[in-house]
Amino acid sequence: MEKAYDPKQTEEKIYNLWSKSGYFNPDKLPVSKSSKPKAQSYAILLPPPNITGSLHMGHALNATIIDILIRFKRMRGLGAVCLPGTDHAGIAAQNAVEKELKKNGVSRFDLGREKFIQAVWEWKEKYGHIILGQLKKLGLSADWSRTRFTMDPKYSEEVKKAFIHYHEKGLIYRGERVVNWCPRCQTSLSDLEIEYQEEKSHLWYLRYNLKSQISNFKYIVVATTRPETMLGDAAVAVNPQDKRYQDLIDQKVILPISPYEGSPEGRQNREIPMIADKAIDPDFGTGAVKVTPAHDLLDAEIAQRHNLPFYKIIDEKGRMTKLAGPGFEGLKALEAREKIIEELKNRNLIEKTEDYNHNVARCYRCQAKIEPIPSQQWFLKMPALAKMAEKAVRSRKTEIIPKKFEKTYFDWLKNIKDWCISRQIWWGHQLPVWQCHCQTGSNSEFRILNSELGHQELKNNFIVSLTKSVKKCPTCHSEYQQIPDVLDTWFSSALWPFAELARNDLKKFYPSAVLVTDRGIINLWVTRMIFSGLEFFSREPFAKTFIHPTVLTKEGKRMSKSLGTGVNPLDLIEIFGADATRFGIIWQMMSNQDIHWDETAVLAGKKFCNKIWNAARFVLQQNEKTKISLPAREPKPKTAADKKILKQLKTARKSTADDIENFRFGHALRTIYDFFWHQFCDVYLEKSKSQIINPKTRKTTKTILFYVLSQSLSTLHPFMPFVTEEIHQNFPSKKQKLLMIAKLN
RNA sequence: GGGCUUAUAGCUUAAUGGUAAAGCGCGUCGUUGACAUCGACGAGAGUGCAGGUUCGAUCCCUGCUAAGCCCACCA
């Protein structure tokens, strides 16, 4: 053995050794005759990284935890397996490829749908597997023979089947709703897919004249952050309790700039009603709010309650529509804003302007400002599914650890809204829905009705089918076409626990033992997997969900690639080695507090690798001089020191195992670290030198040294697999080929 | 606006109802066969601030301050 441990000489070699053994696949684990014929399964799903991703600290932490659990359970004789794969990452992947194409001045529309999708596939073949290779470098012992992708043929079929299942149950409807629209990605987004960012802006106080003077009022002042939306106003609302405005309720207000031609009323100076609605906060602004049903989620709700018309004045590209009127049509929303402010100023209709910070909704994939617009979308009814999901956790059939995260889960389910599952991008699972062109009819921009197609109407107007329909349209006799929308990526991710498991695997690996993930996707992913699992298999998809800490910068800020505050785990592996990197990550994982990243922990890991290496070198050198075989059982101690170290070993191993079972990984690692370094190396190993000189204690001492080393290695192996395996390979005994499957009690 | 969490050595974090421990860093000393990626010894905090409970609090409770996270339709 070399004088110092060199991860570069070891890691690839050892990983290949493991791969060749086949033991990442639990079906290939050796079955000893004495043990039960079929080992109990212990499965963990790897949260599938996006094909666009490259490894970051979050992945590294996640994969290290999973690997510790898998290796630990495997060594305890279970059929342990980590099921890996990647996610097609709808919007993210589409954006990545669009960006790539843009370098050559090509847009996805230049290519057309079919060729664009082809390009994404090519891109996926080229880059999609990189991240899994990076996880191998970290030592992840996943069963790569079972690697899945969310757009594999079988997976895609399961996704469509799930949609059809929901449809047949009457849980799917299509409706025109005000949705979160990303003008850059050109698609709708669910509420969970938008992020808020504070932005300095203004609050404009606008005067809307009353049709006729009432009490002392000639006009009413409304406060708004988006004056341009006034072109689509349908009412002015106040709180029903607001004493100031009691006389004004149900009176008419004249919209100072209203669309001219083509408005439904066919006249200028649109009159809009004053209404009373409980959603209005009397303390904000003037307590009077302009209501723009088509371009604000809250206003849309108010409009529904009061049967107000929806004027769609902003289109999917963020430009003003024809309905906005001449002079505005075709302008960007911000340009329209300036023009409106100028005109109002000239007409002395701006009471005042205040500075105002407010939260702007942004797309979680491209950061463009979200534009709420009315749009035809497909929805999944959530109340029944939410109830099921809630019950599963309340009844402890599936458990969220730490418990505090249950709140995130329950809160979301309590305020659940129907899930907008259709997206207008091209990369993803196209809805298994066919429609005839003659029915496609364009949306009327003039007056949007809050239409909803329920189950029966859907059946009449669309064909929902797994395969292409051959039916001809009864009206025009042409063929039905598949509608262009694709499903929300998270709709397919929700099926991950079962969607591509072979039938045999399904029996073995569903439900899985534990889901290990980040708190950021509790509702986006975990909750949806739980209700999907219950819906399709009547069983929770995993017994436990372990929410691990988030890795933050040393200052406690979010790591961000764009700010350059991210730490690349691959750099750490390159400098310190994979074991040291894993050590450094886990070392910092105490009490489930977020980690304020400290690289010196990785340095400590590197030093520890070397310490283990050299202690092993000493022990094995003793072994060269006198052939000592590894005792199967605890050797009999002869001295007080012997007795003490054996006791300490036992205590440390027990404590470490308990900690792993309870997800206290940092504590587990410190326990075994302290034992190995301070009790074994500092004390016993030094003491052994004199005991070896004495012929009376020579043999037992060497035996105990070997025994304690071997037991320490197996305890350490889940945390630091490479160095421990490498040392194990240097053992003289050929009895046990791989430490990876050595028995750990 | 609501909720959650945290505050301990220079830094990142442990621990305990009876005055605190580790890693990294720092200082002094030490290279005769496990390891200088090491060893020995040492300096360094009285546990954010203010109250309360208690014989006694860093640990329990309340308030404050600061930071972070999540949720929310305040225009």
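Please refer to the structure higher up on the page.
None of these values were measured; they are calculated from a predicted model.

Trainee: For this particular structure, what's the right way to read the overall build of chain A?
Mentor: Within chain A one finds 22 helices and 26 strands. Projected onto its principal axes, the C-alpha coordinates of chain A cover approximately 115 × 60 × 55 Å. For chain A, the proportion of its 745 residues judged to be buried stands at 56%. Here the contacts in chain A between residues at least 6 apart in sequence split such that 79% fall between residues at least 24 apart. As displayed, chain A offers around 33,900 Å² of accessible surface, 49% of which is attributable to carbon and sulfur atoms. The averaged location of the 83 negative side-chain charges in chain A is 10 Å from the averaged location of its 113 positive side-chain charges.

Trainee: Whenever I open this one, the protein's contact with RNA strand B confuses me. Can you help?
Mentor: In the vicinity of RNA strand B lie 48 residues, with Asp281, Tyr356, Lys407, Lys554 and Trp677 positioned nearest. Backbone sugar and phosphate groups make up 67% of those atoms of RNA strand B lying within 4 Å of the protein. Interatomic distance of 3.1 Å between a side-chain N/O atom of Thr225 and a sugar or linking oxygen of RNA strand B. Within the contact set of RNA strand B, a base oxygen lies 2.9 Å away from a side-chain nitrogen or oxygen of Lys611. At the level of secondary structure, the elements contributing two or more residues to the surface near RNA strand B comprise β13 (350-363), α18 (600-625) and α20 (665-693). Examining the composition of the surface near RNA strand B, we find that 13 residues originate from one element, α18, more than from any other. Split into classes, the residues belonging to the surface near RNA strand B amount to 17 nonpolar, 13 polar and 18 charged.

Trainee: Any chance you could explain the pairing of strand β7 (residues 194-214) here in plain terms?
Mentor: Consecutive side chains of a regular strand alternate in pointing toward one face of the sheet and then the other. Both β7 and β13 contribute to a ladder of 13 bridges, which runs antiparallel. Each bridged residue has a counterpart across the sheet, and for His202 the counterpart in β13 is Asp355. Bridge count for β7 against strand β8 (residues 217-224) is seven bridges, and the pairing is antiparallel. From the neighbouring strand, Tyr205 faces β8, where its bridge partner is Ala223. In this sheet, strand β10 (residues 252-254) lies alongside β7 in antiparallel orientation, the contact comprising two bridges. Paired with Leu210 across the strands is Val253, a residue of β10.

Trainee: It is not clear to me how the sheet that holds strand β20 (residues 463-464) should be interpreted in this structure. Could you clarify?
Mentor: Paired through their backbone hydrogen bonds, the strands of a sheet run either parallel or antiparallel. Pairing is antiparallel in the open sheet, where three strands are placed in the order β20-β18-β21. Of all strands in the sheet, those with a lone pairing partner are β20 and β21 (481-482), marking the two edges. In this sheet, β21 lies alongside strand β18 (residues 433-435) in antiparallel orientation, the contact comprising two bridges. Following the sheet pairing, Gln435 is matched in β21 by Gln481.

Trainee: Would you mind going over helix α22 (residues 721-729) with me for this structure?
Mentor: Side chains three or four residues apart in an α-helix point the same way, a direct result of the helix having 3.6 residues per turn. Within α22, eight of the nine residues are buried, which leaves it mostly tucked inside the rest of the structure. Buried residues of α22: Pro721, Phe722, Val723, Thr724, Glu725, Glu726, Ile727 and His728, and no others. On its buried side, α22 packs onto α1 (7-21), α2 (57-75), α6 (130-137), α17 (578-587), α18 and α21 (695-716).

Trainee: Honestly, the environment of Leu135 in this entry has me stumped. Any pointers?
Mentor: Examined against the element boundaries, Leu135 turns out to sit in helix α6. For Leu135, a relative accessible area of 3% puts it in the buried group. For the pair Leu135 and Trp412, spaced 277 residues apart in the sequence, the C-alpha separation amounts to 32 Å. Not counting residues up to four positions away in its chain, the partners in contact with Leu135 are Leu46, Leu55, His59, Ala63, Leu140 and Trp144.

Trainee: Help me understand the side chain of Gln94, please; the structure alone is not making it clear to me.
Mentor: With respect to the helices and strands, Gln94 occurs in helix α3 (residues 90-102). Among the residues examined, Gln94 registers a relative accessible area of 0% and is labelled buried. Contacts of Gln94, omitting those with residues within four sequence positions, involve Ala89, Arg108, Phe116, Ile425, Trp426 and Trp427.

Trainee: Explanation requested: the pattern of salt bridges in the structure shown.
Mentor: Pairing between side chains of opposite charge can happen when their charged atoms approach one another. Taken as a whole and judged by the stated rule, the model has 43 salt bridges. In this structure, Asp143 engages Arg146 in a salt bridge whose closest nitrogen and oxygen atoms are separated by 2.6 Å. One exposure class covers both Asp143 and Arg146, and it is buried. Put simply, Asp27, Asp143, Arg146, Asp505 and Lys508 are held in one network by salt bridges that share partners.

Trainee: What should I look at first to understand the sheet that holds strand β23 (residues 512-518) in this one?
Mentor: Judged by pairing direction, the sheet is parallel, and its three strands sit side by side in the order β15-β24-β23 without closing on themselves. Edge positions in the sheet fall to β15 (399-401) and β23, since each of these pairs with one other strand and no more. Pairwise comparison of adjacent strand axes, ignoring direction, gives a mean angle of 20° for this sheet. Summarising the sheet, β15 and strand β24 (residues 542-548) pair through three bridges and their orientation is parallel.

Trainee: Looking at this structure, I do not really get unusual backbone geometry. What am I missing?
Mentor: Where the residue is not glycine, phi is negative for most of them; where a peptide bond is considered, it is trans in most cases. Following Ile401, the chain continues to Pro402 via a peptide bond in cis, the omega torsion being -5°. Mapped onto the elements of the fold, Pro402 is located in the loop between β15 and α11 (406-414). Each neighbour pair has its own omega, and for Tyr510 with Pro511 the value is -5°, a cis peptide bond. On the secondary structure map, Pro511 appears in the loop between α14 (503-509) and β23. Of note in the backbone geometry, Asn348 takes a positive phi value of approximately 60° without being a glycine. The phi angle at Phe663 is positive, at roughly 60°, despite the residue not being glycine. Mapped onto the elements, Phe663 comes out in the loop between α19 (640-661) and α20.

Calculation notes
Residue numbers run consecutively from 1 along every chain, following the written order of its sequence. Labels are handed out in written order, letters beginning with A for the chains and numbers beginning with 1 for the ligands. A pLDDT threshold of at least 70 governs which residues receive local features in this predicted model, and a stricter bar of 80 or more applies before side-chain atom pairs are shown or counted, although totals over entire chains, interfaces and linings include all residues. With hydrogens and water excluded, all non-hydrogen atoms of the structure serve as input to the side-chain values. In this text, helices come from DSSP runs of H or I with a minimum length of four residues, and strands from runs of E with a minimum of two, each type numbered from the N-terminal end. Buried, partly exposed and exposed residues are distinguished by accessible area as a fraction of the type maximum, computed with a 1.4 Å probe on protein chains only: under 20%, between the cut-offs, and over 50%, respectively. What makes two residues a contact is simply this: any of their non-hydrogen atoms within 4.5 Å. Per-residue accessibility takes into account occlusion by the displayed protein chains alone, with areas from the Shrake-Rupley method and a 1.4 Å probe. Residues scored as positive are Lys and Arg, those scored as negative are Asp and Glu, and His as well as the terminal groups of each chain are ignored. A single reference atom marks each charge: NZ on Lys, CZ on Arg, CG on Asp, CD on Glu. For this purpose, a residue is taken to be near a molecule or strand whenever a single non-hydrogen atom of the residue falls within 4 Å of it. For this analysis, a polar contact is any N or O atom pair within 3.5 Å, provided that within protein one partner can donate a hydrogen and the other can accept it, and provided that sequence-adjacent residues contribute only side-chain to side-chain pairs. Ten residue types, Ala, Val, Leu, Ile, Met, Phe, Trp, Tyr, Cys and Pro, are classed as nonpolar, four, Asp, Glu, Lys and Arg, as charged, and the remainder, Gly among them, as polar. In this description, strands pair whenever DSSP reports at least two bridges between them. Here, a salt bridge means any Lys or Arg side-chain nitrogen found within 4 Å of an Asp or Glu carboxyl oxygen. Between the N-to-C directions of two axes lies an angle of 0 to 180 degrees, each axis being a line fitted to C-alpha atoms and, for a helix, fitted only over the stretch in contact.

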